[in-house]
Amino acid sequence: MAYLNAAMLEHSTIKSYVRDFKIAEMIAASGRILILYIMLISILYKNKKMMNRLKSSLEENENTHLIEDISKIRDGFVKLYELSHQIRFLIPFSRLLENAAIDWDDFAEDCVIVSDTEIKNLLTRVNNAL
Amino acid sequence: MRYKILCCPTFKSEFERLLDSYSRSEKSIRSMIFSLQTNPNRGNVYPGFGTLTVRKLRIPLPEYRLSSSKGLRFIFLVSQEKNCLVLISIYKKGLFKKEHQVKKHIKNNLESILNEIESNQCTHIFDNC
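Residues numbered from 1 in each chain as written. Chains lettered and ligands numbered in written order. Predicted model: local features only at pLDDT ≥ 70, side-chain atom pairs only at ≥ 80, totals over all residues.

J.: Tell me about the overall build of chain B, and name the residues and values.
T.: A count of helical and extended segments in chain B gives 3 helices and 5 strands. Taking 129 residues into account, the globule formula puts the C-alpha radius of gyration at 14 Å, and chain B, at 14 Å, falls close to it. Dimensions of chain B, computed from C-alpha atoms along their principal axes, come out at roughly 40 × 30 × 25 Å. Split into buried and exposed, the 129 residues of chain B put 31% on the buried side. In chain B, the proportion of contacts linking residues at least 24 apart, taken out of those at least 6 apart, comes to 54%. (Helix = DSSP H or I, 4+ residues; strand = E, 2+ residues; numbered from the N terminus. Rg over C-alpha atoms; globule rule 2.2 N^0.38 Å. Buried ≥ 20, exposed ≤ 12 C-beta atoms within 10 Å, placed from the backbone. Contact = placed C-beta atoms within 7 Å.)

Right, dumping it as structure tokens:
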């Protein structure tokens, strides 16, 4: 039961992080720069922590929902990076957003590879054939 | 302890294709791969492969002003029990537009590598690659 509660809490934290990207996009569209700055700082501050959490969750159990969430976070960073070229106040964030988008893209690739049972089997067979 | 580096024709041809575009970085890429003989724990471990250790190393290309995040992705299998590294794939970040294309590429490479190991087409020295 405690494990289930922890998993639900984890899932809601990830969902809330995914939601932050939508909110940031809406704030960017409304032109409220100060709130957008705060939002972006919050997103970038949580970035590594969130990735480490997801990595440890993936090590414990394979979860297709997690893979979807990882792709959504990656897409969120890509959109914010694109926005940083359209809104001049976001230029200071451009490099940070680009690096985060690349990190999450790598992570999304890793997750898709790890979740494939055929790749796992092939790796085991290669290891045994050595 | 020195690890043997197993280089198969599949990896060799992929590496040669890559060098067509980034020939100025050949020396630095080779030395990076050679350094794995003594230090195979470089790069990030793929989470979730259990007892198998598969690593992904980001290689910068300073000759082309590409940082490690925009540089190459080098994937290899570390077999500690057999004291051996198997070179699986090396590609430029951004070559594959979607993660499913990377998955397909890795799967194809592994299938070819398995066939090549079974038919003794691989060499244990990366220098011959």
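More follows now that the structure is in view.
J.: Describe the nonpolar core, and please don't skip the residues or the numbers.
T.: One finds Phe76, Leu77, Leu85, Val86, Leu87 and Ile88 of chain B to be the most contacted residues of the largest nonpolar core, which totals 60 residues. Ranked by the residues each element gives to this core, the list is headed by helix 4 (residues 94–114) of chain A, at 10 residues. (Core = buried A, V, L, I, M, F, W, Y, C linked by C-beta atoms within 7 Å.)

J.: Explain the interface of chain A and chain B residue by residue, including any values.
T.: The interface of chain A with chain B comprises 24 residues on the first partner and 26 residues on the second. Considering every element that reaches the side of chain A that touches chain B, the biggest residue donor is helix 5 (residues 117–129) of chain A, with 10 residues. Across the side of chain A that touches chain B, the residue classes tally to 12 nonpolar, 3 polar and 9 charged. (Nonpolar A, V, L, I, M, F, W, Y, C, P; charged D, E, K, R; others polar.)

J.: Kindly report on the packing of helix 4 of chain A against helix 3 (residues 99–118) of chain B, identifying the contributing residues and their values.
T.: The interhelical angle for the contact between helix 4 of chain A and helix 3 of chain B, taken along N-to-C directions, is 50°, at an axis separation of 9 Å. The orientation of helix 4 of chain A with respect to helix 3 of chain B, classified from their angle, is oblique. Every pair of crossing elements has a handedness; the one defined by helix 4 of chain A and helix 3 of chain B is right-handed. Here Ala108, Glu109, Val112 and Ile113 of chain A of helix 4 of chain A come into contact with helix 3 of chain B, specifically with Glu99, His100, Val102, Lys103 and Ile106 of chain B. Class assignment for the residues of the contact of helix 4 of chain A with helix 3 of chain B results in 5 nonpolar, 1 polar and 3 charged. (Axes fitted to C-alpha atoms, helices over the stretch in contact; angles between N-to-C directions. Parallel < 35°, antiparallel > 145°, perpendicular 65-115°, else oblique. Left-handed = near helix turned anticlockwise from the far one by under 90°.)

J.: Tell me about the sheet that holds strand 4 (residues 72–79) of chain B, and please be specific about residues and values.
T.: As summarised here, the arrangement of the 5 strands in space is 1-5-4-3-2 (chain B), forming an open sheet in which the pairing is mixed. Every other strand in the sheet has two partners, leaving strand 1 (4–6) and strand 2 (44–45) of chain B as the edge strands with one partner each. Pairing between strand 1 of chain B and strand 5 (residues 84–92) of chain B: 3 bridges, direction parallel. The partner of Lys4 of chain B across the bridge, within strand 5 of chain B, is Cys84 of chain B. In the packing of helix 5 of chain A onto the sheet, the strands contacted are strand 3 (53–59), strand 4 and strand 5 of chain B, and the crossing angle to strand 4 of chain B comes to about 55°. (Pairing = 2+ DSSP bridges.)

J.: Tell me what's going on with the pairing of strand 5 of chain B, and back it up with residues and numbers.
T.: Residues and elements named next belong to chain B. Alignment of strand 4 against strand 5, held across 8 bridges, turns out to be antiparallel. Residue pairing for strand 5: Arg73 is matched across the bridge by Tyr91. Joining the antiparallel neighbours strand 4 and strand 5 is a turn of 4 residues, in which Asn83 adopts a positive phi near 55°.

J.: So what's going on with the environment of Ser71 of chain A? Which residues, and what values?
T.: Mapped onto the fold, Ser71 of chain A is located in helix 3 (residues 64–86). Considering only alpha carbons, one finds Ser71 of chain A and Val18 of chain A, 53 residues apart in sequence, at a separation of 9.8 Å.

J.: Summarise the packing of helix 5 of chain A against helix 3 of chain B; cite the residues concerned and give the values.
T.: What describes two packed helices is the angle between their axes and the distance between those same axes. Between helix 5 of chain A and helix 3 of chain B, the shortest axis-to-axis distance is 10 Å and the interhelical angle comes to 25°. Relative to helix 3 of chain B, the element helix 5 of chain A is oriented roughly parallel. By crossing handedness, the relation of helix 5 of chain A to helix 3 of chain B is classed as left-handed. Judged by residue contacts, Glu118, Ile119, Leu122, Leu123, Arg125, Val126 and Ala129 of chain A of helix 5 of chain A engage Ile106, Lys107, Leu110, Glu111, Ile113, Leu114, Ile117 and Glu118 of chain B from helix 3 of chain B. Split into classes, the residues belonging to the contact of helix 5 of chain A with helix 3 of chain B amount to 10 nonpolar, no polar and 5 charged.

J.: Explain helix 3 of chain B to me, and be specific about the residues and the numbers.
T.: Between its terminal C-alpha atoms helix 3 of chain B stretches 29 Å, which fits the 28 Å expected from 20 residues at 1.5 Å a residue. Of the residues making up helix 3 of chain B, those classed as buried are Glu99, Val102, Lys103, Ile106, Asn109, Leu110, Ile113 and Glu116 of chain B. For helix 3 of chain B, the buried positions fall inside an angular range of 155° around the axis, keeping them on one side. Opposite the packed face of helix 3 of chain B, turned more than 90 degrees from it, sit the exposed residues His100 and Glu118 of chain B. For helix 3 of chain B, the secondary structure elements touched by its buried residues are helix 4 and helix 5 of chain A together with helix 1 (9–21), strand 4 and strand 5 of chain B. One or two residues past the end of helix 3 of chain B sits Asn120 of chain B, with phi positive at roughly 55°. (Expected span 1.5 Å × (residues − 1). Arc of directions from axis to C-beta.)

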